Every structure is written in C-alpha cells, then in structure tokens.
Amino acid sequence: LIVGGVGCNLRLQEMMRQMAKERNGRLYSTDDRYCIDNGAMIAWPGWLSLSCGVETPIDEAWVTQRYRTDEMQVYWRGD
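All of these numbers come straight from a predicted model, not from anything done at the bench. (Residues numbered from 1 in each chain as written. Predicted model: local features only at pLDDT ≥ 70, side-chain atom pairs only at ≥ 80, totals over all residues. Heavy atoms only, no water.)

Engineer: So what exactly am I meant to see when it comes to helix α1 (residues 10-22) here?
Structural biologist: What sets the pattern is the α-helix's 3.6 residues per turn: residues three or four places apart point alike. Compared with the 18 Å implied by 1.5 Å per residue over 13 residues, the 18 Å span of α1 between its first and last C-alpha is a close match. By the N-cap criterion, in which a side-chain oxygen at the helix start approaches the backbone nitrogen of a residue two or three places on, α1 is capped by N9, the distance to R11 being 3.0 Å. Residue N24 follows α1 closely and has a positive phi angle near 60°. (Helix = DSSP H or I, 4+ residues; strand = E, 2+ residues; numbered from the N terminus. Expected span 1.5 Å × (residues − 1). Polar contact = N/O pair within 3.5 Å; in protein donor to acceptor, adjacent residues only side chain to side chain.)

Engineer: Please clarify how the side chain of Q13 should be interpreted in this entry.
Structural biologist: Residue placement: Q13 occurs in helix α1. Exposure remark for Q13: the relative accessible area of 9% places this residue in the buried category. Once residues within four sequence positions are removed from consideration, Q13 is found in contact with I2, G7, C8, L27 and S29. (Buried < 20%, exposed > 50% of the residue type's maximum accessible area, 1.4 Å probe, protein only. Contact = heavy atoms within 4.5 Å.)

Engineer: Can you walk me through the pattern of salt bridges in this structure?
Structural biologist: Oppositely charged side chains can pair when the atoms bearing their charge come close. Considering all chains together, one arrives at two salt bridges under this definition. Salt-bridge contacts for E14 lead to R11; the nearest nitrogen and oxygen are separated by 2.9 Å. Of the two residues, E14 and R11 are both situated in helix α1; the distance of three residues between them amounts to about one turn of the helix. For E14, a relative accessible area of 47% corresponds to the partly exposed category. Among the residues examined, R11 registers a relative accessible area of 48% and is labelled partly exposed. (Salt bridge = Lys/Arg side-chain N within 4 Å of Asp/Glu carboxyl O.)

Put into structure tokens, the structure is as follows:
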C-alpha cells in the first residue's frame, strides 16, 4: 500500500508495482484525493525531538526537501 504525498508519484507507483510483481505481490494505492502529506506525521518527530531536549532556534532552522531518511539523526531511539 502506497499512501501519503509520495502516493501521487506515478513513477514510484510503477517501480513499486514491478517490485511487488517480481515477488508475487500486488501494489495498492489510494485515490489521489487521499495522497496528501499529513501535518501530524510531520509534527510527531518534532515533538519527540523536543521531548528529548532537542531545540533548534528559528534562525538556525532550514528545510531540505530531499533529505535522505537514513541520514537523519533520530534522538529518541537512543542510537
């Protein structure tokens, strides 16, 4: 099942469909009306970081849309 903002990406759907087919699986995607980014999904990691004492002053904050998830420091896991 592919959902969220990336669920609208037709190329990603095509690639995942092929991967699922190669493994005798099926890909399901939701209607584009439901393929949206979820504010709570974005806010939750921020809350977890804040609860671990991580604070970023607004003048030091930035947005990187192409951040790799495997390059993120996750404070609340204890790694």
